[in-house]
Amino acid sequence: MPINWFPGHMVKTRRQIKENLKLVDAVIEIRDARIVKSSANPEIEELCGNKPRLILLNKSDLSEGAITKQWIKELSKGSIRAMEANSLTGAGLKNIKPELNNLLKEKLERQKNKGLVNITIRVMVVGIPNVGKSSFINKMAQNTIAKVGDRPGVTKNKQWIKTKMGIELLDTPGILWPKFDEETALSLAFTGAIKDEIMDTEELALKLVEHLQVLYPKELMERYKLDELSPSAIENLDNIAIKRGCIMSKNTIDYNRIAAILLDELRGGKIAKISLERP
Ligand SMILES: Nc1nc2c(ncn2[C@@H]2O[C@H](COP(=O)(O)OP(=O)(O)O)[C@@H](O)[C@H]2O)c(=O)[nH]1
Ligand SMILES: [Mg+2]
């Protein structure tokens, strides 16, 4: 499978992120709750250094709650906190401020002791493509007082969104890149972060069944009304296709059609709330 699909100017973005880091109190790193590992950027630690970081496990409406909670526990240590959210409905986003307050406790206390009131927390949003950065920023912007214009000298050419929560967001998210290996590619493709046009969807669907029959056998059987699962993924895929009437003339399986159905139903959360990766 092709693995070099993310275009872009990585060096330039890295430089921009480093520059923006100097302007913010914290970083919000958005990941996909279904694929917490694969939706991370491998260089984020190095890029962010000791900057307080809030990892937002987004799309938590599609992931398995208990696993998401495990990830939150696993990821929250040192200058990092994790939390879950749904950036479409806004569920969970009210916890952003308390989490940031907690993360920035010492700094905020120092500022308070200096007599500063109404302290604004400034954050930069980063993440790989398709994790929901724009959705998150849009949702947060609905609680907006006003767009803050350029601030000459300090934040030239940068747009800040001032929210009622007392958080200012840089309105251009930092786009990072995932790791380029086979397992990561699969996770990203399953969840639709990589466009199907450049994937072999039949092979992808087979791989999906291979994963689901291990991670979610009961849910897979229930959804496709299978009486049992075979250890062979191809056999399971065939049975799913038959149940869904994906048969062409001469009694051959229409793999193209069942692949589209499977991927679509997975992405729409119809098979189950699914966490493809565990801590
Ligand atoms: N179910 C669900 N979908 C989401 C959520 N956040 C974003 N999306 C969807 O994920 C896709 C990518 O979102 P987008 O904000 O464009 O991601 P970006 O590339 O990181 O800016 C879009 O189809 C969004 O509607 C979420 O919390 N739950
Ligand atoms: Mg975007």
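Structure first, text after, so check above.
Residues numbered from 1 in each chain as written. Chains lettered and ligands numbered in written order. Predicted model: local features only at pLDDT ≥ 70, side-chain atom pairs only at ≥ 80, totals over all residues.

(A) Structural context of the site of ligand 1. Taken together, 15 residues lie around ligand 1, and K59, G132, K133, S134 and S135 are the ones closest in. With three residues, the top contributor of residues to the shell around ligand 1 is helix α6 (residues 133-141). Among the residues forming the shell around ligand 1, the class breakdown is four nonpolar, eight polar and three charged. (Near = placed C-beta within 6 Å. Helix = DSSP H or I, 4+ residues; strand = E, 2+ residues; numbered from the N terminus. Nonpolar A, V, L, I, M, F, W, Y, C, P; charged D, E, K, R; others polar.)

(B) View of the nonpolar core. Counting residues in hydrophobic clusters, the biggest one holds 68 residues, and the most contacted among them are A26, L56, V123, V125, L169, A205 and L208. Counting the residues that make up this core, at least three belong to each of domain 1 (10-175) and domain 2 (200-267). When residues no more than four places from it in sequence are discounted, the contact partners of V125 are I28, I30, K133, F136, I137, L169, L170, P173 and G174. (Core = buried A, V, L, I, M, F, W, Y, C linked by C-beta atoms within 7 Å. Buried ≥ 20, exposed ≤ 12 C-beta atoms within 10 Å, placed from the backbone. Domains from an automatic or database assignment. Contact = placed C-beta atoms within 7 Å.)

(C) View of unusual backbone geometry. A positive phi angle, near 60°, is found at K59, a position not held by glycine. Owing to 26 C-beta atoms within 10 Å, K59 belongs among the buried residues under this scheme. For N251, which is not a glycine, the phi torsion comes out positive at approximately 55°. Inspection of the secondary structure puts N251 in the loop between β9 (247-248) and β10 (252-253). The exposure class of N251 is exposed, given the 7 C-beta atoms found within 10 Å.

(D) Region of the structure containing the packing of helix α8 (residues 201-215) against helix α11 (residues 255-267). Remark: α8 packs on α11, axes separated minimally by 8 Å, with the N-to-C direction vectors making an angle of 55°. Viewed along their axes, α8 and α11 adopt a mutual orientation that is oblique. Pair α8 / α11 crosses with left-handed handedness. On α11, the residues touching T201, E202, L204, A205 and L208 of α8 are Y255, N256, I258, A259, A260, L262, L263 and L266. Looking at side-chain class alone, the contact of α8 with α11 contains 10 nonpolar, two polar and one charged residues. (Axes fitted to C-alpha atoms, helices over the stretch in contact; angles between N-to-C directions. Parallel < 35°, antiparallel > 145°, perpendicular 65-115°, else oblique. Left-handed = near helix turned anticlockwise from the far one by under 90°.)

(E) Region of the structure containing the environment of L116. Tracing the backbone shows L116 in the loop between α5 (105-113) and β4 (121-127). On the neighbour-count criterion, L116 (11 C-beta atoms within 10 Å) is exposed. Residues L116 and V209, 93 residues apart in the sequence, show an inter-C-alpha distance of 56 Å.

(F) Geometry of α11. Under the 1.5 Å per step criterion, the end-to-end length of α11 is 18 Å for 13 residues, consistent within 8% with the ideal 18 Å. For α11, the set of buried residues is I258, A259, L262, L263 and L266. In an axial view of α11, the angular spread of the buried residues amounts to 130°, which keeps them on one side of the axis. On its buried face, α11 is in contact with α7 (182-190), α8, α10 (233-243) and β10. (Expected span 1.5 Å × (residues − 1). Arc of directions from axis to C-beta.)

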